[in-house]
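What follows is the residue order along each chain.
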Amino acid sequence: MLAASLIPTEVPGVGVLNSAFEAVVDGLRSSILGFAEPEDTQAFHVPPVISRALLERLGYVDAFPNLLGTLHTFVGDNRRWRAVQAARLADGAPWHSEQTISDVVALPATCYHLYPLVAHQTLAQPVTMTAEASCYRHEGSSELGRLRSFRMREVVRIGGPDDVPAWRDEWLTRARTWFDGLGLKTSVEVATDPFFGDAARMMAPPQRQEELKWELRADLGTGQAQAIASANYHKDHFGGLFDIRTGGDVAHTACAAFGLERIVLALIAAHGESPERWPASVRGALGLGGTGR
Ligand code: AMP
Ligand code: ZN
């Protein structure tokens, strides 16, 4: 009986998943897409990197400089590289002394790839889009469930100022009911993003006051509940930045995000490490077949 495992590597927060773990991720993916379908959701495949200039424009660098993973490459010529190698051999100089920041950064959240798809458009109807991506965040700790590389399935809604918050509320309820069906007890909490530096003082209080971020938290077996999904309402922030309109108004946006590895860890905490022994209803919901217990 294969236990679902997240196998640590030599760097904290980066794990390898075995096939039993990944089979559950596959099940979660189709189950989420199943309940997203009635809304004519447009599905996309997005890469794990994104334009650095775009994240700069969105203010990500100001709010989360500590979490952003930058990519650096060697852009020198053969002669420069020979000089770098010579310095390495002579006095142990680092090989990366001449690496230069590139035009892409590691993607910190899936939805940043979706808003540009409707930039400069006037939407006749609300638009719903979904994608999943490998995201990277340079987390400062690596307790169970806090990964640096993890997958985030997101569903994004872009529409008018009445439609979007109502959609967010409905998705929170829908997601909670779905988690109930998977045997996961969740608490619903108003939350704030982990803003860094001055951004924490300026951005966290209004985000909390206006209840813009909600998290569904579950126990991963550590005694401390972690967010397995969250719903964020951005008001007209992205609509303004990307020039998206609904009728005469700047569009509002919201996203619902599911942390796939965390959900599997919550399932393991609730039902044990062998998916083959999970309750039949849970196995059925995840398309894992068999009878279970
Ligand atoms: P956020 O954008 O911070 O609301 O994250 C969206 C979802 O991604 C969260 O609800 C988590 O389920 C998941 N998530 C965020 N950070 C991590 C992490 N460091 N490791 C694993 N999952 C994460
Ligand atoms: Zn998002």
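Going by the structure above, here's the rest.
Conventions adopted
Residues numbered from 1 in each chain as written. Chains lettered and ligands numbered in written order. Predicted model: local features only at pLDDT ≥ 70, side-chain atom pairs only at ≥ 80, totals over all residues. Heavy atoms only, no water. Helix = DSSP H or I, 4+ residues; strand = E, 2+ residues; numbered from the N terminus. Expected span 1.5 Å × (residues − 1). Buried < 20%, exposed > 50% of the residue type's maximum accessible area, 1.4 Å probe, protein only. Arc of directions from axis to C-beta. Contact = heavy atoms within 4.5 Å. Core = buried A, V, L, I, M, F, W, Y, C linked by side-chain atoms within 4.5 Å. Pairing = 2+ DSSP bridges. Axes fitted to C-alpha atoms, helices over the stretch in contact; angles between N-to-C directions. Donors = N, O, S within 2.8 Å, 3.2 Å for Na, K, Ca; no water.

Turning to helix α6 (residues 198–209), a few remarks are in order. The terminal C-alpha atoms of α6, which comprises 12 residues, lie 18 Å apart, in line with the 16 Å expected from a rise of 1.5 Å per residue. Every buried residue of α6 is listed here: A199, A204 and Q207. Axial view of α6: buried residues confined to an arc of 85 degrees, hence all on one face. More than 90 degrees from the buried face of α6, the exposed residues found are D198, R201, M202 and Q209. Against α3 (60–63) and β11 (213–219) lie the buried residues of α6. Looking one or two residues past α6, E211 carries a phi angle of roughly 50 degrees, positive in sign.

L28, F179, F258 and L267 are the most contacted members of the largest nonpolar core, which has 43 residues in total. Of all the secondary-structure elements, those providing two or more residues to this core are α1 (19–36), α5 (163–181), β11, β12 (225–235), β15 (252–259) and α8 (260–271). Top contributing element to this core by residue count: α1, with eight residues. Setting aside chain neighbours within four positions, we find F258 in contact with I32, F35, R151, M152, R153, W171, A175, W178, F179, I228, A229 and I263.

Judged by pairing direction, the sheet is antiparallel, and its three strands sit side by side in the order β4-β6-β5 without closing on themselves. Each having just a single partner strand, β4 (49–51) and β5 (70–73) make up the two edges of the open sheet. Going across the sheet, the axis of each strand differs from the next one's by a mean of 50 degrees, ignoring polarity. Taken together, the three bridges between β5 and strand β6 (residues 100–106) define a ladder with antiparallel strand orientation.

What follows is about the coordination of the zinc ion (ligand 2). The coordination sphere of the zinc ion (ligand 2) contains the protein donors C111 (SG), E154 (OE) and C255 (SG), at a distance range of 2.2 to 2.4 Å. Along the chain, the residues donating to the zinc ion (ligand 2) fall in the pattern C-x42-E-x100-C. With E154 in strand β9 (residues 149–159) and C255 in strand β15, this pair connects stretches of sequence that are 101 residues apart. The exposure classification of E154 matches that of C255, with both residues buried.

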